Amino acid sequence: MLRFDPGEDRVRSARSFRVWEGGGEYNVARGLKKTFGRRTGVLTALPDNELGALALDLIGQGGVDASEILWRTYDGVGRSTRLGLNFTERGFGLRGALGVSDRANSAASQISIDDFDWDRLFGADGARWLHTGGIFAALSEKTAEAAVAAVRSARRHGVMVSYDLNYRASLWDSHPSPDAARRINQAIVAECDLLFGDEFGLAACLGMDLGALKPRRTPMDDGPPHAAASTAFETFPQLRGVAYTLRESRSASVNAWQGVLEARSGRWLSALRPNVELLDRVGGGDAFASGVIHGLLEGAAPQRVVDLGAAHGALAMTTPGDNANVSAAEVETVVRGEQPSTRR
């Protein structure tokens, strides 16, 4: 998608917007490349028009390989295919962040099961990791089928699979099948090694009683996995870990922030940061995910893995746009707990 950012203004009264590229899976790939220097690519579709060209140029600046992008014929109106747009206010103080999506008939929502050669990507091409998410799976019946096919192919080839539940009831409610969210998410999670999602997303997708869950506030204590994670481990024997962030809004500009990594053997917590000052909260969860994946790819211990994710996510919310404009060295500074200072 393209994100239109009015800066300090409101969408309703803005006279100019700054444009960013964004999207859950893409944000993770960009963070892995731009911050941590890992080779990544994106599987998506764009309309063959000037907005598609703009998105491609922005993706190129992020360093993410765009060679697998599908190009869809543009009809001159956007009736059959278009680029999804997202107008996002950052919020400030008592005024919360606000997102207004305009994404119907997007090229990405029309991706089907046969659009990519999954066995080539995960076999001959040697991809090591596949990351996808619940928003893509919820866009249409076609994207749900494509997501399931992708994770199944990746697993057949021994490729690590992670999935961000990113549960959005408003998207799943539009599916013809009333049990689509649970059925499709369960099919995807059955192929996953790592799951990103809090207890409410897990509960909704696993069919647990949401009313039995109480909102969890930071900080957490060390201990066994929480109820929803424990159920996930029992239900999906191949699942190795569940990771998520905990945040408590002091205001739109200040959040408490903590990362959590659950495994069958226990729970690891990042340092609690009780007052993270936010410039732009969008993308913090995706940056957390890319930090966690980077840590796992380098074979780090669980504590370092969650520390990398939490530090990267916190830094992402100090820069405008969906992505973290930071270096790996800056992430390490936050991991070590050093105070920010002017560098000359």
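For the structure itself, consult the block above.
Here the structure is a predicted model, which means the values were calculated and not measured. Within every chain, residues take consecutive numbers counted from 1 along the sequence as written. Restriction of local features to residues with pLDDT of at least 70 applies here, the model being predicted, together with a cutoff of 80 or more for giving and counting side-chain atom pairs; totals for whole chains, interfaces and linings are based on all residues. The side-chain values count all of the structure's non-hydrogen atoms but skip hydrogen atoms and water molecules.

Draft legend 1. Main features of the overall build of the chain. Across its full length, the chain carries 12 helices and 13 strands. The atom set for the radius of gyration is the C-alpha atoms, and the globule formula is 2.2 Å times the number of residues raised to the power 0.38. What you see for the chain is a C-alpha radius of gyration of 19 Å, in line with the 20 Å of a compact globule of 344 residues. With the C-alpha coordinates of the chain rotated into their principal frame, the extents come out at 55 × 50 × 40 Å. Partly exposed describes any residue whose relative accessible area lies between the buried limit of under 20% and the exposed limit of over 50%, with all areas from a 1.4 Å probe on protein chains only and scaled to the type maximum. The buried share of the chain, reckoned over its 344 residues, is 51%. If you take every contact in the chain between residues at least 6 apart in sequence, the share linking residues at least 24 apart comes to 68%. A helix here means a DSSP run of H or I that spans at least four residues, while a strand means a run of E at least two residues long, and both kinds are numbered starting from the N terminus. The contact rule is simple, with two residues in contact once any of their heavy atoms fall within 4.5 Å.

Draft legend 2. Fine view of the side chain of arginine 30. Along the chain, arginine 30 turns up in helix H1 (residues 24–34). A relative accessible area of 9% places arginine 30 in the buried class. Not counting residues within four places of it along the chain, the set of residues in contact with arginine 30 comprises Glu21, Thr35, Gly62, Val64, Asn323, Ala324 and Asn325.

Draft legend 3. Main features of helix H5 (residues 141–156). Taking 1.5 Å of rise per residue, 16 residues should cover 22 Å, and H5 covers 23 Å from first to last C-alpha, within 8% of that figure. Every buried residue belonging to H5 is among Thr143, Ala144, Ala146, Ala147, Val148, Ala149, Ala150, Val151, Ser153 and Ala154, and all of these are buried. Elements that come into contact with the buried residues of H5 comprise helix H3 (118–124), strand E7 (129–133), helix H4 (134–138), strand E8 (160–164) and helix H7 (180–189). Among the residues trailing H5, glycine 158 stands out with phi positive, at a value near 75 degrees. Helix span, as expected, comes to 1.5 Å for every residue beyond the first.

Draft legend 4. Fine view of the side chain of threonine 143. As for its placement among the helices and strands, threonine 143 is situated in helix H5. Non-local contacts of threonine 143, meaning those with residues more than four positions away in its chain, are made with Ala108, Ser109, Ile111, Phe136, Ala137 and Ala138.

Draft legend 5. Quick peek at the packing of helix H10 (residues 284–297) against helix H11 (residues 302–316). An axis is simply a line fitted to the C-alpha atoms; with a helix, the fit covers only the stretch in contact. Between two such axes, the angle follows the N-to-C directions and lies from 0 to 180 degrees. Two elements in contact, H10 and H11, have axes separated by 7 Å at closest approach and are oriented at 150 degrees. By the angle between their directions, the pair H10 and H11 is classed as roughly antiparallel. In this structure, H10 meets H11 at a crossing whose hand is right-handed. Taking contact as the criterion, the partners of Gly284, Ala287, Phe288, Ser290, Gly291, Val292, His294, Gly295 and Leu296 in H10 are, on H11, Val305, Val306, Leu308, Gly309, Ala310, His312, Gly313 and Ala316. The residue classification treats Ala, Val, Leu, Ile, Met, Phe, Trp, Tyr, Cys and Pro as nonpolar and Asp, Glu, Lys and Arg as charged. All others, Gly included, are polar. Here the contact of H10 with H11 is composed, by residue class, of 9 nonpolar, 8 polar and no charged. Should an angle fall under 35 degrees it is called roughly parallel, over 145 degrees roughly antiparallel, and 65 to 115 degrees roughly perpendicular, with every other angle called oblique. Note on convention: near helix rotated counterclockwise from far helix by under a right angle means a left-handed crossing. Clockwise means right-handed.

Draft legend 6. Here's a closer look at the packing of aromatic side chains. Each pair of aromatic rings taken from Phe, Tyr and Trp, with Trp reduced to its six-membered ring, is defined by centres within 6.5 Å and is described as stacked if the planes are under 30 degrees apart, edge-to-face if over 60, and tilted in the remaining cases. All told, the structure shown has 6 aromatic pairs when counted by the stated rule. The interplanar angle of 80 degrees and the centroid separation of 6.2 Å between the aromatic rings of phenylalanine 4 and phenylalanine 17 together place this pair among those described as edge-to-face. Taken together, the residues span a long stretch of sequence, with phenylalanine 4 in strand E1 (residues 2–5) and phenylalanine 17 in the loop between E1 and strand E2 (18–21) at a distance of 13 residues. Accessibility expressed as a relative area gives 31% for phenylalanine 17, which makes it partly exposed. Between phenylalanine 4 and phenylalanine 87, the ring centres sit 5.1 Å apart and the planes meet at 20 degrees, which makes this aromatic pair stacked. Of this pair, phenylalanine 4 sits in strand E1 while phenylalanine 87 sits in strand E5 (residues 85–89), and the two are 83 residues apart along the sequence. Phenylalanine 4 gets classed as buried once you look at its relative accessible area, which sits at 17%. One aromatic cluster is present, built from ring pairs that chain together Phe4, Phe17 and Phe87.

Draft legend 7. Fine view of the pattern of salt bridges. We define a salt bridge as a side-chain nitrogen of Lys or Arg found within 4 Å of a carboxyl oxygen belonging to Asp or Glu. One pass over the structure, following the stated rule, counts 20 salt bridges. The partner of arginine 3 in a salt bridge is aspartate 280, with the nearest N and O atoms 2.8 Å apart. Pair noted here: arginine 3 is in strand E1 and aspartate 280 is in the loop between strand E13 (273–277) and H10, with a separation of 277 residues, a long-range link. Here arginine 3 matches aspartate 280 in class, with each residue buried. The closest approach of N and O atoms between aspartate 125 and arginine 120, which form a salt bridge, is 2.4 Å. Aspartate 125 sits in the partly exposed class, given a relative accessible area of 44%.

Draft legend 8. Structural detail: the sheet that holds E1. Strand order in the open sheet formed by 4 strands is E2-E1-E5-E6, and the pairing between neighbours is mixed. The outermost strands of the open sheet, each flanked by one partner alone, are E2 and strand E6 (98–102). Pairwise comparison of adjacent strand axes, ignoring direction, gives a mean angle of 25 degrees for this sheet. DSSP-based pairing: two strands are paired if at least 2 bridges between them are found. The pairing of E1 with E2 spans 4 bridges and is antiparallel. From the neighbouring strand, leucine 2 faces E2, where its bridge partner is glutamate 21. Along the sheet face, helix H2 (residues 50–62) touches E1 and E2 and points at about 70 degrees away from the line of E2.

Draft legend 9. Structural context of the nonpolar core. Trp118, Tyr163, Ile188, Leu195, Leu202, Leu239 and Val242 are the most contacted members of the largest nonpolar core, which has 47 residues in total. Those elements giving two or more residues to this core turn out to be H3, H4, H5, E8, H7, helix H8 (199–206), helix H9 (227–235) and strand E10 (241–249). With 8 residues, the top contributor of residues to this core is H5. Look past the residues within four positions of isoleucine 188 in its chain and what remains in contact with it is Ala137, Ala147, Val148, Val151 and Tyr163. Residues grouped as a nonpolar core are buried Ala, Val, Leu, Ile, Met, Phe, Trp, Tyr and Cys residues, joined through side-chain atoms within 4.5 Å. Core analysis: the next-biggest nonpolar cluster, separate from the first, contains 14 residues, Phe196, Phe288, Ile293 and Val305 among them.

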